[in-house]
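# Secondary and tertiary structure notes
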Amino acid sequence: MEALFHNLGIGFAVALTFQNLFYCLMGVMLGTLIGVLPGIGPVATIAMLLPVTFTLNPTSALIMLAGIYYGAQYGGSTTAILVNIPGESSSVVTCLDGYQMARQGRAGPALGIAAIGSFFAGCVATIIIALFAPPLAEVALKFGPAEYFSLMVLGLIAATVLAHGSLIKAIAMVILGLLLGLVGTDVNSGVARFSFGVSELSDGIGFVSVAMGVFGFAEIIANLEQKEHREIFTKKVSNLLPSLQDFKDSWASILRGTALGSFLGILPGGGALLASFAAYTLEKKISKNSANFGKGAIQGVAAPESANNAGAQTSFIPLLTLGIPSNPVMALMIGAMMIQGIAPGPQVMTERPQLFWGMIASMWIGNLMLVVLNLPMIGMWIKLLMVPYRMLYPSILVFCCIGVYSISNSPFDVMQTAAFGVVGYIFVKLECEPAPLILGFILGPLMEENLRRAMLLSRGDPLVFFQRPISLTMLLIAGFLLAVVLAPTVRKKREEAFVEA
Amino acid sequence: MKITNGKDFWAGLMFIAFGLAFMFVAQNYAMGNAVRMGPAYFPTVLGGMLAVLGAAVLARAFVSKISNPVAVFPFRYWLVLGGLVLSVIAFYTQPPRDAGMALQIGHALLAGIAILMLFAAFGERSLWVVLFAVVVFGYMLKPLGLVLATGLLVFISAWGGHEFRWKEVTIMSAILAAFSVAAFVYGLGLPMNVWPSIWE
């Protein structure tokens, strides 16, 4: 306990410096902004800002990028409640009851409870990270290459199980991602693989290009194909504070949402999206009057909004302790760490306590800022919602292009990103979910490296993955997950769940 | 045999093509063995797995209960043909590095048109207009400077949307250009020229 306070002390000392407070504020502001705006998500935004973070010190950079992710969870609920469009994919379920509440003239309390729930969840999740990350990192320090390889297999399988749509396509996308990640110079032999003599490719395909092309450009193009229609129900929101009855109705939902979200965030493949869906389903199941759900039940706003914020934050645990991303945003965070010359993994906590604890402390501060940003300043965000998409997307493109260009100050990266835009568009059209591809892409080289080492140590005996207990456990869980999803009954349920979404 | 799910059909073909391509190219590198894996080992295994999964997706396209038309993309085959011919020409007429400016620009234009034709061969208008705007920005940033390149990007990409309003787009490009210069060049100190490089 004492160590915890000591560590948090270090963290707050770092997070409360003027510079870091500034970047934290920038991060959560940007996060709220893109959360409110439909059609641009945290993945594209973080990808856009990665090149800019070159110039910052690592702690400030990571504090800002983290702020974007959990800030987006706050902003997403605003759009969901007021416009019935999820500003963020993790706010999809908030639309169901939040918009109904707005139609009944209760947009204020809906926004209020979403923010309060999110703040509570954010505080709890911060404490959970501070409590659980150190012991987990200690375990992870004992991992050998075999354990790491199996852990990555588990992480990737879990990510595919949770991906939308077809499982087999999702696995294919993971493998395609792994292969794309292998492009570039092989560390062991020095051979430039799949580079076709292009010198830029011998350093590998740019991570920013893949993420921005597949998530940013492809999304814009797909959005442009649809006619836009946006109806803002509530132009003026008054009376943000929920009534005493509202609190009575929803405090248990907030607690449950926070607990479930925190747990699901830690799991590989988890994060905000899964957390909000699961929390909504749970509330509906255990509620005494579940008929109210979908008709403006405040529990249906409180639970998923708490859960997505908790999940967004606890998904940093596998990143910070194991160096394994559980969703595309975390994959980008790994990219950001590598840009700064930090090898993600359990050693980050011991070697860079300032960075580790500073980031955790900043999350609590960021949550506080978000409440202020989102409640009193709600009018500003509503105004932003009135900006039509035809004015938004050229602006997004400008920032994307400048960001990509600045990676190496050459047109090559821009071309590469455009190419991945085409690829991403094809993925959208063929219903191939790109999130597993990004995870595979970031893990490709790591996975090969650990496989090679493990096989070298075992003298070529592949059974090593089954002989070491931790490794075996992880492979068993991965196998179990696959078996469960492939089981006919679950498969049907899973399809239904995603169709409902 | 009838294709019921066109999306699975194309996705399957895509995965097979990627898998085989990676396997094929990997054969240029050393395979090694299980103890000491060469650079070709992992890609070959993964490529094989991808091709097998692709085959499964392809097979499913024939039995799937979900029905999607085979024509997922609008396809303009004459543009593909033209684009391919031009890119082959562009590939074999690559001017040497010390060639004159006019020749360089001419070649870049030829390659650009070829790529654009390949883009435009499939997909909606928004796809290739937006990406064309991006590519133009990438190549024009150095010669034209940030202000003009941003203007070009905004104008071309706005043309890819549903409605194009001259006044709005002009104002928007002015604001965006001013903001980018202030934030990226002066604020973050990115090394980009603001105005055409000939002026400076």
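## With respect to the overall build of chain B
If you tally the helices and strands in chain B, you get six helices and zero strands. The globule rule puts the C-alpha radius of gyration for 200 residues at 16 Å, and the 23 Å found for chain B is more than 25% above it. Split into buried and exposed, the 200 residues of chain B put 44% on the buried side. Within chain B, residue pairs in contact and separated by at least 24 positions form 63% of the contacts whose partners lie at least 6 positions apart. In chain B, which carries 11 positive and 6 negative side-chain charges, the distance between the mean positions of the two groups comes to 11 Å.

## A look at the interface of chain A and chain B
The interface of chain A with chain B comprises 63 residues on the first partner and 66 residues on the second. Both sides together, the interface formed by chain A and chain B hides about 6000 Å², and carbon and sulfur atoms give 80% of it. Contact with chain B buries surface across chain A, with Phe194(A), Arg390(A) and Ile402(A) losing the most and accounting together for 11% of the total. Counting across the chain A and chain B interface gives three salt bridges. Residue Glu168(B) pairs with Arg390(A) through a salt bridge whose shortest N-O separation is 2.7 Å. For the interface between chain A and chain B, the tally reads eleven residue pairs in polar contact (both at pLDDT 80 or more). Residues of the side of chain A that touches chain B, tallied by class, amount to 42 nonpolar, ten polar and eleven charged.

## Overview of the packing of helix H3 (residues 42-49) of chain A against helix H9 (residues 207-225) of chain A
Residue and element names in this part refer to chain A. Their axes nearest at 9 Å, the elements H3 and H9 cross at an angle of 145 degrees. When you trace H3 past H9, the crossing you get is left-handed. Across the interface between the two elements, Val 43, Ala 44, Ala 47 and Met 48 of H3 pack against Val 208, Ala 211, Met 212, Phe 215 and Gly 216 of H9. In terms of residue class, the contact of H3 with H9 is built from eight nonpolar, one polar and no charged.

## Some details on the packing of aromatic side chains
Applying the stated criterion across every chain yields a total of 15 aromatic pairs over all chains. Taken together, a centroid distance of 4.8 Å and an interplanar angle of 70 degrees make the contact between Phe194(A) and Phe22(B) edge-to-face. Linking Phe194(A) in the loop between strand S2 (192-193) and H9 with Phe22(B) in helix H1 (residues 6-26), this pair reaches from one chain into another. Using a relative accessible area of 9% as the deciding quantity, one classes Phe22(B) as buried. An angle of 90 degrees between the planes, with centres 6.4 Å apart, marks the rings of Phe9(B) and Phe62(B) as edge-to-face. Taken together, the residues span a long stretch of sequence, with Phe9(B) in helix H1 and Phe62(B) in helix H2 (residues 41-63) at a distance of 53 residues. Among the residues examined, Phe62(B) registers a relative accessible area of 26% and is labelled partly exposed. Here the aromatic residues Phe194(A), Phe22(B) and Tyr29(B) are joined through ring pairs into a cluster of three or more.

## Notes on the side chain of Asp8(B)
Inspection of the secondary structure assignment puts Asp8(B) in helix H1. Apart from residues lying up to four places away in sequence, Asp8(B) is in contact with Lys169(A), Val57(B), Leu58(B), Arg60(B) and Ala61(B).

## Description of helix H19 (residues 411-429) of chain A
Residues spaced three or four apart along an α-helix point in a common direction, a consequence of the helix completing one turn every 3.6 residues. Residues and elements named next belong to chain A. Spanning 19 residues, H19 covers 27 Å between terminal C-alpha atoms, matching the ideal 27 Å at 1.5 Å per step. Within H19, burial applies to Asp 413, Val 414, Gln 416, Thr 417, Ala 418, Phe 420, Gly 421, Val 422, Gly 424, Tyr 425, Phe 427 and Lys 429. Directly after H19, the chain includes Glu 431, whose backbone phi takes a positive value near 55 degrees.

## Quick word on the environment of Phe196(A)
By secondary structure assignment, the location of Phe196(A) is in the loop between S2 and H9. Between the C-alpha atom of Phe196(A) and that of Leu56(A), which follows or precedes it by 140 residues, the distance is 34 Å.

## Here we look at helix H11 (residues 272-286) of chain A
All names here are of chain A. Taking 1.5 Å per residue, 15 residues should reach 21 Å; H11 reaches 21 Å between its end C-alpha atoms and fits that length. Burial in H11 covers these residues: Ala 272, Ala 275, Ser 276, Phe 277, Ala 279, Tyr 280 and Glu 283. Those residues of H11 hidden inside the fold are in contact with helix H4 (58-83), helix H5 (92-103), helix H10 (244-266) and helix H12 (299-314).

## What to know about the state of the cysteines
Residues and elements named next belong to chain A. Applying the stated criterion across every chain yields a total of zero disulfides over all chains. Cysteine Cys 24 remains unbridged, with the sulfur of Cys 123 as its closest cysteine sulfur at 13 Å. Using a relative accessible area of 1% as the deciding quantity, one classes Cys 24 as buried.

## Remarks on the confidence of the model for chain A
On average, residues of chain A carry a pLDDT of 83, and 93% of them reach 70 or more. Here helix H23 (residues 488-500) of chain A is the element of chain A with the lowest mean pLDDT, 58, and helix H8 (residues 167-182) of chain A is the one with the highest, 91.

## Looking at the packing of H3(A) against H4(A)
All names here are of chain A. Two elements in contact, H3 and H4, have axes whose closest approach is 10 Å; the angle formed by their N-to-C orientations is 165 degrees. Relative to H4, H3 is oriented roughly antiparallel. Considering only the axes of H3 and H4, their crossing is right-handed. When H3 is examined against H4, the residues Pro 42, Thr 45, Ile 46 and Leu 49 are found in contact with a partner set consisting of Met 64, Leu 65, Ile 68, Tyr 69 and Ala 72. Partitioned by chemical class, the residues of the contact of H3 with H4 number eight nonpolar, one polar and no charged.

Parameters at a glance
- Residues numbered from 1 in each chain as written.
- Chains lettered and ligands numbered in written order.
- Predicted model: local features only at pLDDT ≥ 70, side-chain atom pairs only at ≥ 80, totals over all residues.
- Heavy atoms only, no water.
- Helix = DSSP H or I, 4+ residues; strand = E, 2+ residues; numbered from the N terminus.
- Rg over C-alpha atoms; globule rule 2.2 N^0.38 Å.
- Buried < 20%, exposed > 50% of the residue type's maximum accessible area, 1.4 Å probe, protein only.
- Contact = heavy atoms within 4.5 Å.
- Lys, Arg positive; Asp, Glu negative; His and termini not counted.
- Charge placed at Lys NZ, Arg CZ, Asp CG, Glu CD.
- Buried area = accessible area lost by both parts, 1.4 Å probe.
- Salt bridge = Lys/Arg side-chain N within 4 Å of Asp/Glu carboxyl O.
- Polar contact = N/O pair within 3.5 Å; in protein donor to acceptor, adjacent residues only side chain to side chain.
- Nonpolar A, V, L, I, M, F, W, Y, C, P; charged D, E, K, R; others polar.
- Axes fitted to C-alpha atoms, helices over the stretch in contact; angles between N-to-C directions.
- Left-handed = near helix turned anticlockwise from the far one by under 90°.
- Phe/Tyr/Trp six-rings, centres within 6.5 Å; stacked < 30°, edge-to-face > 60°.
- Expected span 1.5 Å × (residues − 1).
- Disulfide = S-S within 2.5 Å.
- pLDDT = per-residue confidence, 0-100.
- Parallel < 35°, antiparallel > 145°, perpendicular 65-115°, else oblique.

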